[in-house]
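Results of the structural survey
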Amino acid sequence: MKQNGKWLEWLTAGTLTVASFLFFLFLYPYHNLLKEQMNLFLHTPDHFLTYLEKPAWLSSYAGDLLTQFYITPAGAALLLSLALMAIWLLFRKVFLAFNMRHAMASILAVIPVTLEFLFHCGLHYPLSSTLSTLLALCFFLIYIRIRNRHLYLWLFLPVFVLVYYLAGHGAILFTILWLVFGLIRKVKFRLLLFLPAALGMLIPILLRPIFLLSPGRAYTYPVKAPVSLNISFTWEKILALDYHTQKGNWYKVIYLSQQYGMQNRVASYYTNLALSQSNLLGDWLFLFYQPGPGALFLPVSQQSTPLTIAFSNEVFFRLGDMNMAQHSAMLGMIFSQNHRSSRLTKRLAEIHIAIGDAPAAEKYIGLLEKTMFYRKWAGEHRKLLQVTDIPLRENIPSVDTVRLADDYVNSLEILLQSNPDNKMALDYLLCTHILRKDIPAFREAYDKWFVREADTVPAVYAQALIVSLYREGASDEMLQAYGIPESIINHFMEYTNAYTESKGDPKALQEVYGNTFWFYYHFATLQQ
């Protein structure tokens, strides 16, 4: 009977391990892909020495080393499922040491595993934190082999210091387990246990000036950002759009946006970028959720999160606004929890290659050459340092100007003045005015910059133009001169009649006209 019970325990543990592997591989891969991108691990002695300057150096070094393998979803899923299985095994062994029955120990061990699983579903929880827990459990299981009660008591403080230096916050778990085990098993010394435990809890504060940590960080290191206990499929979808944007899979981004139907500013940002790169922004803008002009750019401000700041460089880079792209990438690097990122290092190398700054580009390429998985990328881009015909270079403004970081209209006009053929800059300028509902500014920019290459004007631009021309009482000849299709004119008249008949009821107009500029103009609430 006992043998059957053990088999059931192990079968359950194995099933949960496989389930967690499949979850991170198929349902939740993009969180872990981002964690790899926001880390930069260099295989150099100097990089290793930086870990010795903080507590938890062993778990941090090992965690960052292994996080490199998050570069593929399978690598992340395998590492996390094995780490969770190890957590279960060691906690089960700890509970057995507390004289629990096998079944109860196995059940209780699921609780910390569940917490770790949920932590890893967050955006910032590092693998090094799980390794800190594993190290603490190993140290405890070794420590309780001490049979001498005096040694059990007085060796605690030096071992605490060692665990703290190797595993950071794992020392707190070690202290709790040490105290509970002592209260259960070391009967004569129960009251004396509290003194070394209390002294041990003061050690992180006493060592804080040496490690340059805040009081809170001294007890949570190597965790460097707030953690959560929820599974966010909203962020998983956003990170899917982000990942495919980096890969240039524009139609995949558009397809996912259609499938997700998200009403989220960051999702709109990536969708609009994909539409512009697919030459569809002027036609499909209102087929997707648009919260206002903020759907085109992610702000870099005090209210921004480190993650959105890192994301914000994507559109600037492709527009050719390298000053703002570099500004966003540098701030994203500075405000990230590790202050280093393979993703942003690659972007900074690309920026300096585009502007022809070879020494700066070589600095970032040199860093990437010291990594495991980006050496090939670095070698390929080192060759571009000698290339003069860089596609993005023609979009870079030829003059430097002073402007506010959020003055997007001025930035786009500067790009167009430098290169009137920068179609992405034109699309973003026109769509900025459209999403602001600024018809006069749209008309002025359209008349100044737009060159009609096809027989018809993009649908969204035609819808905005007809509003401007209708206000002027333009003739049919004027409408034809602007190339507005007759179908758009008829659709506009139908909308006007329907709007009047419904007395401005958006519910009556949503189904037929919800994807038009006119509906947006009348009913959308702008979000800055």
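You'll find the structure just up there.
Here's a quick rundown of the structure. (Residues numbered from 1 in each chain as written. Predicted model: local features only at pLDDT ≥ 70, side-chain atom pairs only at ≥ 80, totals over all residues. Heavy atoms only, no water.)

**Some remarks on the overall build of the chain**
Filter applied, for reference: Per the convention used, a helix needs a DSSP run of H or I reaching at least four residues, while a strand needs a run of E reaching at least two, with both numbered from the N terminus. Methods summary: accessible areas were calculated by the Shrake-Rupley approach with a probe of 1.4 Å, and residue burial reflects only the protein chains presented. By the counting scheme adopted, Arg and Lys are positive, Glu and Asp are negative, and His together with the chain ends is not counted. Just so you know, the charge point we use is NZ for Lys, CZ for Arg, CG for Asp and CD for Glu.
Counting secondary structure elements, the chain contains 30 helices and zero strands. Along the longest, intermediate and shortest principal axes, the C-alpha atoms of the chain span 100 × 55 × 35 Å. Accessible area of the chain: about 25,300 Å², with a carbon and sulfur share of 61%. Charge-centre separation for the chain: the mean point of 43 positive side chains lies 24 Å from the mean point of 37 negative side chains.

**Re the pattern of salt bridges**
Side chains that differ in sign of charge can pair as their charged atoms come close. For the record, the criterion: For this document, the term salt bridge refers to a Lys or Arg side-chain nitrogen within 4 Å of an Asp or Glu carboxyl oxygen. Classification of residues uses two cut-offs on accessible area relative to the type maximum, computed with a 1.4 Å probe and protein chains only: under 20% is buried, over 50% is exposed, and between them is partly exposed.
Evaluation of the coordinates by the stated rule reveals ten salt bridges. In this structure, Lys423 engages Asp427 in a salt bridge whose closest nitrogen and oxygen atoms are separated by 2.8 Å. A residue pair is termed a helical-turn pair when its members lie 3 or 4 positions apart in one helix, as Lys423 and Asp427 do in helix H24 (residues 423-435) at four residues. Classification of Lys423 by relative accessible area gives partly exposed; the value is 41%. Its relative accessible area of 3% is what places Asp427 among the buried residues.

**Topic: unusual backbone geometry**
Most peptide bonds take the trans form, and the phi angle of most residues other than glycine is negative. Cis geometry marks the peptide bond from Tyr221 to Pro222, where omega comes out at 15°. In this structure, Pro222 sits in the loop between helix H12 (215-220) and helix H13 (233-246). A positive phi is found at Leu212, a non-glycine position, where the angle reads about 55°. Its relative accessible area of 68% is what places Leu212 among the exposed residues.

**Focus on the packing of aromatic side chains**
Our working definition: Between 30 and 60 degrees the pair is tilted, below 30 it is stacked and above 60 it is edge-to-face, where a pair is any two Phe, Tyr or Trp rings, Trp via its six-membered ring, whose centres lie within 6.5 Å. Both a distance and an angle decide whether a charge sits over a ring: NZ of Lys or CZ of Arg must be within 6 Å of the ring centre and within 35 degrees of the ring normal.
Applying the stated rule across the entire model yields 50 aromatic pairs. Both rings, one in Tyr152 and one in Trp178, keep their centres 5.5 Å apart while their planes meet at 10°; by these two values the pair is stacked. Here Tyr152, found in helix H8 (residues 149-154), pairs with Trp178, found in helix H10 (residues 170-185); they are 26 residues apart in sequence, far enough to count as distant. A relative accessible area of 0% places Trp178 in the buried class. An aromatic cluster of at least three residues, connected via ring pairs, comprises Phe98, Phe140, Tyr143, Tyr152, Phe156, Phe160, Phe174, Trp178 and Phe181. Of note, Arg347 hangs over the ring of Phe317, and the distance from its end group to the ring centre comes to 4.1 Å. Above the ring of Tyr520, the side-chain terminus of Lys437 is found at 5.6 Å from the ring centroid.

**Section: the side chain of Thr245**
Stated precisely, the cut-off is as follows: Whether two residues are in contact is decided by their heavy atoms: any pair within 4.5 Å suffices.
Position of Thr245 relative to the elements: it lies in helix H13. The buried category is assigned to Thr245, whose relative accessible area is 0%. Once you skip the residues sitting within four places of it in the chain, Thr245 turns out to touch Trp250, Val253, Tyr270, Leu273, Glu314 and Arg318.

**Points about a nonpolar patch on the surface**
Rules: Each patch is built from residues lacking any salt bridge and having more than 30% relative accessible area; the joining distance is 9 Å for like charges and 5 Å for nonpolar side chains (Val, Leu, Ile, Met, Phe, Trp, Tyr).
A cluster of nonpolar side chains, Val18, Leu22, Phe26, Leu27, Ile231 and Phe233, forms an exposed patch at the surface whose accessible area comes to about 570 Å². Ranked by the residues each element gives to the nonpolar patch, the list is headed by helix H1 (residues 2-27), at four residues. For Phe26, the location among the structural elements is in helix H1. You can call Phe26 exposed: its relative accessible area is 59%.

**So, the packing of helix H26 (residues 459-472) against helix H28 (residues 486-501)**
To keep things clear, this is the line we draw: Axis angles are defined between N-to-C directions and span 0 to 180 degrees, where every axis is a line fitted to C-alpha atoms and, for a helix, only to the segment in contact. Every angle not falling under 35 degrees, over 145, or within 65 to 115 is termed oblique; those three ranges are roughly parallel, roughly antiparallel and roughly perpendicular. For a crossing to be left-handed, the near helix must be turned anticlockwise from the far one by less than a right angle; the clockwise case is right-handed. Amino acids outside the nonpolar list (Ala, Val, Leu, Ile, Met, Phe, Trp, Tyr, Cys, Pro) and the charged list (Asp, Glu, Lys, Arg) are all regarded as polar, and Gly is one of them.
Packing of H26 against H28 leaves a shortest axis separation of 10 Å and a crossing angle of 60°. The orientation of H26 with respect to H28, classified from their angle, is oblique. As H26 packs across H28, the resulting crossing turns out to be right-handed. Contacts between H26 and H28 involve Ala459, Ala462, Gln463, Ile466, Val467 and Tyr470 from the first element and Ile488, Ile489 and Phe492 from the second. Taken together, the residues that form the contact of H26 with H28 break down as eight nonpolar, one polar and no charged.

**Examining H26**
An α-helix turns once per 3.6 residues; consequently, residues spaced three or four apart project the same way. The condition that has to hold: A helix is expected to reach a length of 1.5 Å times the quantity of its residues less one.
Across its 14 residues, H26 extends 20 Å between first and last C-alpha, which sits within 8% of the 20 Å expected from 1.5 Å per residue. Of all the 14 residues making up H26, ten are buried; the element is thus mostly covered by neighbouring parts of the structure. Turning to H26, its buried residues are Val460, Tyr461, Ala462, Gln463, Ala464, Leu465, Ile466, Val467, Ser468 and Leu469. In this structure, the buried side of H26 is in contact with helix H16 (281-284), H24, helix H25 (439-449), helix H27 (476-481), H28 and helix H30 (517-523).

**Comments concerning the environment of Met333**
With respect to the helices, strands and loops of the structure, Met333 is situated in helix H19 (residues 322-335). Between the alpha carbons of Met333 and Glu36 there is a distance of 14 Å; along the sequence they are 297 residues apart. Beyond its immediate chain neighbours, meaning those up to four positions away, Met333 contacts His339, Arg340, Ser341, Leu344, Thr345 and Leu348.

**Details of the environment of Met324**
Of note, Met324 is situated in helix H19. A relative accessible area of 9% places Met324 in the buried class.

Any functional reading would require information beyond the geometric quantities listed.
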